[in-house]
Amino acid sequence: MTLVIIGPVTQDVIRIGGDESYKVGGATYYQSFVFEEFYNDYLAIVNCCDESLVEDFPDLSKVKVIRNDDTHFFINDYPDPDDLNVRHQLSNFARISIFKSDLERILPEKIDGFVLNPLNRYDFPAETIEYLKGFNVPIFLSIQGFLRIPGDEVNGNYTIKLSKFDGLTNVLSGVDAIFLDESEANIIGMDYDVDEMVITNGSHGSRILCDDEIRIEAVKCDNPVDTTGCGDTYMAAYVTQKLLSKSSEIAGNFASRIASEKIEYSGPYNKNR
């Protein structure tokens, strides 16, 4: 059985104060490092036009590429190195949808679950979501991409605004867990047919809405270096524990610890660091 994580790989610019670096990014990229450590039987499916971006993944034998004519591009700007909770983003809002026909030829025969990581509203058309629901396995979905719309243009890219997606109720119906932050929760509300809503709030911790509301304390990080991909890391760590039949509280506390460890250095999670 295999966990399948799906979403675009990106070309990112990271600006922290006056320092700038170029990196591979995208939720699926950051999550693959967590699954490599804690749930080794996974397959990462990414889409882009520059296939060299996948060379940085932890295990290339576990990556399949859907080739498109564009690649997602993000600028992550942290203006204050001492407050990495504040981030300004720009994106090219690439229109490179992942269709049912793309997935039919590359999905494994036996699947434990899906982790879906849209980066904008074009990534997962409704027919693709419905196709994946038909496998009747757990689906864990990051909500952020469905809320993103382009704002002002800046040098060929766009600021990112968040707005409720009209078809969101149908998309989320029957999904096992959705992941979002507090600002996104304020936009979409709480009334959806999902088993769990996992809501993160940076250094203020997280909460899990299931039968009850479970509060998860953030694990303190004395020397934060790079928060890019922190939410993706939290989500992947949480999913590993749920697939191992752990409680939501155990999963949340584990995810909080792993996310805290990730931000102590630049790049994706690596337990050896």
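In this report, the structure presented in the accompanying data block is examined. (Residues numbered from 1 in each chain as written. Predicted model: local features only at pLDDT ≥ 70, side-chain atom pairs only at ≥ 80, totals over all residues. Heavy atoms only, no water.)

As a further point, take the overall build of the protein. Summing up its helical and strand segments, the protein has 8 helices and 15 strands in all. Relative to the 2.2 N^0.38 estimate, which gives 19 Å for 273 residues, the radius of gyration of the protein is 17 Å and therefore close to what a compact globule would have. Each principal axis of the C-alpha distribution contributes one length, and for the protein these read about 50 × 45 × 40 Å. Expressed as a percentage of its 273 residues, the buried residues of the protein come to 53%. (Helix = DSSP H or I, 4+ residues; strand = E, 2+ residues; numbered from the N terminus. Rg over C-alpha atoms; globule rule 2.2 N^0.38 Å. Buried < 20%, exposed > 50% of the residue type's maximum accessible area, 1.4 Å probe, protein only.)

Attention now goes to the sheet that holds strand S12 (residues 177-181). The 9 strands are arranged S5-S4-S1-S8-S9-S12-S13-S14-S15 in an open sheet whose pairing can be described as mixed. In the strand order of this sheet, the two ends are held by strand S5 (63-67) and strand S15 (213-216), each with one partner. Taking each pair of neighbouring strands and ignoring which way they run, the sheet shows an average axis angle of 15°. When strand S13 (residues 196-200) meets strand S14 (residues 206-209), the two strands line up antiparallel, connected through 4 bridges. Paired with isoleucine 199 across the strands is arginine 207, a residue of S14. Strand contacts of helix H3 (residues 126-133): strand S1 (2-6), strand S8 (111-116) and strand S9 (139-142), with the helix running at about 155° to S8, the strand carrying the most contacts. Sheet contacts for helix H7 (residues 230-243): S1, S8, S9, S12, S13, S14 and S15; angle to S9, the most-contacted strand, approximately 165°. (Pairing = 2+ DSSP bridges. Axes fitted to C-alpha atoms, helices over the stretch in contact; angles between N-to-C directions. Contact = heavy atoms within 4.5 Å.)

Further remarks concern the state of the cysteines. Under the counting rule described, the total for this entry stands at 0 disulfides. Between cysteine 49, a cysteine without a disulfide, and cysteine 48, which holds the nearest cysteine sulfur, the sulfur-to-sulfur distance is 6.6 Å. Lacking any disulfide linkage, cysteine 221 is separated from the closest cysteine sulfur, that of cysteine 230, by 8.8 Å. (Disulfide = S-S within 2.5 Å.)

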